[in-house]
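Take a look at the letters that make up each chain.
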Amino acid sequence: LFPQHYIAGDEVLTEIVNHPNFVKALSVAIDREEINQSLFFGTARMGQASVMPMSKYYKEQYGTAWAQYDPDLANQLLDEMGLDERDGDGFRLRPDGERLKFNIEHAGERVGPVTDKYTEIVVTQWRDVGIDATTKQIDESLYNERKLAYEVHCGIWHNDRCTDLLFPIEPRWFIPTTGGNQGTACSPCADWYQ
């Protein structure tokens, strides 16, 4: 998952997603064990997006940071950043009084065979902590177009540059240095860098 740090045309949401608590709360609201059991038959290695554990670049503190399932902590982090007001349906309100909506967009099978099911589980878990989260599969070319226009709230892509061979050449999943399409945490930073 690549939550974006700039959303075109929405200064309030941009401010929210740039608060360090927000991505931490999103992370600890995800029950990785449920996903592992439901989609991967208990065979997945759970943690953060990171290089592979056998990589010389791997650091345990990066691979496990904010990867524990703790919805109480997620709620605390969101409350601490001022998102403590809720509407009648239990969803958090933004500082401008609008409901906090956060969407995952993805290119489906192009990303992986369980992407649709995975994102459905994640948005359900985010909704449990008061974020009105949704997910939508769109064509890859439209996904890339929307990413490059800074319109995607949260994208998803496979983490294929996580080995000692590829990570030092193009660390795009961890440091936004190349391409704002597919997956990167901050498309504008990648554009600026290029």
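Residues numbered from 1 in each chain as written. Predicted model: local features only at pLDDT ≥ 70, side-chain atom pairs only at ≥ 80, totals over all residues. Heavy atoms only, no water.

(A) View of the overall build of the chain. Scanning the chain from terminus to terminus reveals eight helices and four strands. Across the chain, helices and strands are ordered from the amino to the carboxyl terminus as β-α-α-α-α-α-β-α-β-α-β-α. Radius of gyration (C-alpha) of the chain: 16 Å, near the 16 Å computed for a compact globule of 194 residues. With respect to the principal axes defined by its C-alpha atoms, the chain has extents near 50 × 35 × 30 Å. (Helix = DSSP H or I, 4+ residues; strand = E, 2+ residues; numbered from the N terminus. Rg over C-alpha atoms; globule rule 2.2 N^0.38 Å.)

(B) Spatial organisation of the packing of helix α3 (residues 32-40) against helix α6 (residues 115-127). The interhelical angle for the contact between α3 and α6, taken along N-to-C directions, is 150°, at an axis separation of 11 Å. Taken as axis vectors, α3 and α6 run roughly antiparallel relative to one another. α6 is crossed by α3, and the crossing has right-handed handedness. Contacts between α3 and α6 involve E34, I35, S38 and L39 on the former and, on the latter, K117, Y118, I121, V122 and Q125. Residue composition of the contact of α3 with α6, by class: five nonpolar, two polar and two charged. (Axes fitted to C-alpha atoms, helices over the stretch in contact; angles between N-to-C directions. Parallel < 35°, antiparallel > 145°, perpendicular 65-115°, else oblique. Left-handed = near helix turned anticlockwise from the far one by under 90°. Contact = heavy atoms within 4.5 Å. Nonpolar A, V, L, I, M, F, W, Y, C, P; charged D, E, K, R; others polar.)

(C) Structural view of the sheet that holds strand β4 (residues 154-155). Ordered in space as β1-β4-β2-β3, the four strands form an open sheet in which the pairing is mixed. Only two strands of the sheet have a single neighbouring strand rather than two, namely β1 (2-3) and β3 (132-137). (Pairing = 2+ DSSP bridges.)

(D) How the structure looks around the pattern of salt bridges. Throughout the structure, instances matching the rule amount to ten salt bridges. Between R110 and E140 there is a salt bridge, with the nearest N and O atoms lying 3.1 Å from each other. Of this pair, R110 sits in the loop between β2 (101-106) and α6 while E140 sits in helix α7 (residues 140-148); the two residues are 30 residues apart in sequence, bridging distant segments of the chain. (Salt bridge = Lys/Arg side-chain N within 4 Å of Asp/Glu carboxyl O.)

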